[in-house]
Each structure stands twice: as C-alpha cells, then as structure tokens.
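So the chains spell out like this:
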Amino acid sequence: MTVHGCAAAVALGALLFAYADARPASLEPVDFERTAELIVDYVNAARAANGTAPVVANIALTRAARSFAEFMATSDQHGHEVDGRTPAVRVKQHGYDYCLVAENIGFQYRSSPFSADPLARGFVDGWSKSPGHRANMLDADVLDSGAAVARSARTGRYYAVQLFARPASATMEVRVVNATDAGVVYRLGQQTYELPVRATRVHRQCRVGTYLLINAANAERAEIRPYRSTSIRVETQAGGLRWAER
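**A closer look at the nonpolar core**
Here is step 1: With 24 residues, the main nonpolar core has Ile-39, Leu-119, Phe-123, Met-137, Val-149, Tyr-158 and Phe-164 as its most contacted residues.
Here is step 2: Mapped onto this core, the elements with two or more residues apiece are helix H1 (32-49), helix H4 (116-128), helix H5 (131-138), strand E4 (144-151) and strand E5 (158-167).
Here is step 3: Not counting residues within four places of it along the chain, the set of residues in contact with Val-149 comprises Phe-32, Thr-35, Ile-39, Ala-69, Leu-119, Phe-123, Tyr-158, Tyr-159 and Ala-160.

**Remarks on the pattern of salt bridges**
Here is step 1: Applying the stated criterion across every chain, the model contains 15 salt bridges.
Here is step 2: Salt-bridge contacts for Arg-90 lead to Glu-103; the nearest nitrogen and oxygen are separated by 2.9 Å. A residue pair is termed long-range when its members are at least 10 positions apart, and Arg-90 in helix H3 (residues 87-93) and Glu-103 in strand E3 (residues 98-109) qualify at 13 residues. For the residue pair Arg-90 and Glu-103, the accessibility class agrees, reading buried in each case.
Here is step 3: Between Arg-198 and Asp-181 there is a salt bridge, with its nearest N and O atoms 2.9 Å apart. With Arg-198 in the loop between strand E8 (191-195) and strand E9 (200-205) and Asp-181 in the loop between strand E6 (172-178) and strand E7 (184-188), this residue pair connects regions lying 17 residues apart in the sequence.

**Points about the side chain of Thr-35**
Here is step 1: If you trace the backbone, Thr-35 turns up in helix H1.
Here is step 2: By relative accessible area, which is 0% here, Thr-35 ends up buried.
Here is step 3: Thr-35 has contacts with Val-30, Ala-116, Leu-119, Ala-120 and Val-149, leaving out every residue within four places of it along the chain.

**Observations regarding the sheet that holds strand E10 (residues 211-213)**
Strand pairs in the sheet, formed through backbone hydrogen bonds, run parallel or antiparallel to each other.
Here is step 1: Read across the open sheet, the four strands follow the order E8-E7-E10-E11; overall the sheet is antiparallel. Edge strands, defined here as strands with exactly one partner in the open sheet, are E8 and strand E11 (223-224).
Here is step 2: Where E10 and E11 come together, two bridges link them in antiparallel fashion. Paired with Leu-212 across the bridge in E11 is Glu-223.

**Let's talk about the environment of Thr-210**
Here is step 1: Counting through the fold element by element, Thr-210 comes out in the loop between E9 and E10.
Here is step 2: Here Thr-210 falls in the partly exposed class, since its relative accessible area comes to 28%.
Here is step 3: Along the backbone, Thr-210 and Arg-187 are 23 residues apart, and their C-alpha atoms lie at a distance of 8.1 Å.
Here is step 4: When neighbours within four sequence positions are excluded, Thr-210 is seen to be in contact with Arg-187, Leu-188, Gly-189, Glu-223, Ile-224 and Arg-225.
Here is step 5: Only 2.9 Å separates the side chain of Thr-210 from the side chain of Arg-225, close enough to count as a polar contact.

**Brief notes about the environment of Val-56**
Here is step 1: Relative to the helices and strands, Val-56 resides in strand E2 (residues 56-57).
Here is step 2: In the structure, Val-56 is positioned 87 residues away from Leu-143 in sequence and 6.4 Å away in space, judged by C-alpha atoms.
Here is step 3: When residues no more than four places from it in sequence are discounted, the contact partners of Val-56 are Leu-143, Asp-144 and Ser-145.

**Some words on H4**
Here is step 1: In a regular helix each residue adds 1.5 Å, so 13 residues correspond to 18 Å; H4 covers 18 Å between its end C-alpha atoms and thus fits that length.
Here is step 2: The complete set of buried residues in H4 reads Ala-116, Leu-119, Ala-120, Gly-122, Phe-123, Val-124 and Trp-127.

**A few points about helix H2 (residues 59-75)**
Here is step 1: Taking 1.5 Å of rise per residue, the 17 residues of H2 would be expected to cover 24 Å, and the 24 Å separating its terminal C-alpha atoms lies within 8% of that figure.
Here is step 2: Turning to H2, its buried residues are Ala-60, Leu-61, Thr-62, Ala-64, Ala-65, Phe-68, Ala-69, Met-72 and Ala-73.
Here is step 3: Close packing links the buried residues of H2 with H3, E3, E4 and E5.
Here is step 4: Its side-chain oxygen 3.0 Å from the backbone nitrogen of Ala-60, Asn-58 forms the N-cap of H2.
Here is step 5: Phi for Asp-76, located one or two positions after H2, is positive at around 55°.

Parameters at a glance
Residues numbered from 1 in each chain as written. Predicted model: local features only at pLDDT ≥ 70, side-chain atom pairs only at ≥ 80, totals over all residues. Heavy atoms only, no water. Core = buried A, V, L, I, M, F, W, Y, C linked by side-chain atoms within 4.5 Å. Buried < 20%, exposed > 50% of the residue type's maximum accessible area, 1.4 Å probe, protein only. Helix = DSSP H or I, 4+ residues; strand = E, 2+ residues; numbered from the N terminus. Contact = heavy atoms within 4.5 Å. Salt bridge = Lys/Arg side-chain N within 4 Å of Asp/Glu carboxyl O. Pairing = 2+ DSSP bridges. Polar contact = N/O pair within 3.5 Å; in protein donor to acceptor, adjacent residues only side chain to side chain. Expected span 1.5 Å × (residues − 1).

Put into structure tokens, the structure is as follows:
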C-alpha cells in the first residue's frame, strides 16, 4: 500500500508532494460515504486525545470535498489547485462563508481491495505523521469539517479530501477600550498597537489571540486571551494599569 498526502491552510504556503507508480486494481465496491464519516470520526478521536474540541460535519464542506475528490479521481491529479481553484474558493462556491479554511488531501493504492475502515484509517494515520496535516487536524480554531473519498477507474487510486473551517459567523470581535488618562500600548501576536486616551479599537479575529499589555508593571501578567467576542477595558490602578474582560 502507498499513501501520499498534501496539506494546505490559509496563510500557509509550504506544500509537500510525493508520487509513486500505481497499477490498476479491480474496482471492488467501497462505501465512500461511510469512509468519509470514519475519517471525521478518527480525526475527532485524535483531537480528543490532544484535548481539542471535535469538528462538526458540515454539508457545504462535504459537498466541496466530494466535488474535489471526484475531480482528482477523474483526472488522476493530486494537488490543492489542480482544478484551477484554491480550497477557499471551492468552499465559497459550495455555499460556505468562511473565516478560516484548511485542507488535507491524499491518495492511497494497494493491489488488494479496501474496505471503509482501513481506508479511512490509512488516510488519517498518514496525515497524523505529517506536521502540516497534523496541524490542520488538531487546529483548535476550526469548528467544521467535510470529508470525501473517490476512486480512479484508470489507476485504482483512492483520493481523499478533508476540509477544516471556521465560519464567518464565528468571527470574534474584540473591542479594546482605553479608559485611562494616558495612552496605552499592547501587543496582539507579533503586532504592537498604540491606543490613545479614551479611544477604542476593534479587532475582528478568526483565531484566538493573546493580548499583552506591555507598558504596565509586570507586563508578563497583564495579558488576556479571549475565546469569544468581548470587550477588554484598560483602567488605572495603584502602581500601574490593569485590564479585564467586561
């Protein structure tokens, strides 16, 4: 058996490709719908073992995954943009309004017939051993998933697609309010922001981020990591500044 994979995510540009010869095999029937369900189940088991919440199967993402898996099987091409579109474009065209999108793809081949369970396990086990694929599988900021499998009639390869996404409706809106009589400075990720006196700034985030107040005493303690839309208020206190969700 050979297993090959490729992972992509919005804002990730590195792709890994691998190729191998494949011979046609007898086209034994495989329950592709059940295989896709098992892929999501096994990924959720890996997420649970990692302390990460499960992804939920989404109809639009499943349609997008099925369409692309069938395209790769029909064309015997393997790559995130072999149909001339990106994963983000495909999910949008299938009715999913996204905030984050990531995609794992792969193909398997063996001369003996597959059944749903080993076929699903093969894809998930292969992705688990690749840093890029594993990062997509365990991404705590994605909420939804769609998976699909299709087989090439010419080569006998099984092609799989699993999409991971966070909907636009789950975009987090974090308002930072400066309630002091002086300007404050804070950092979000690698970006530093200055907030004037009595000013407010709104951040719209697809990913959970840590806000660090960097001009207060003991700055390493003056941080907050909101997991939902919220307001962060910076106030004056004895000896410096403090902030908290309100």
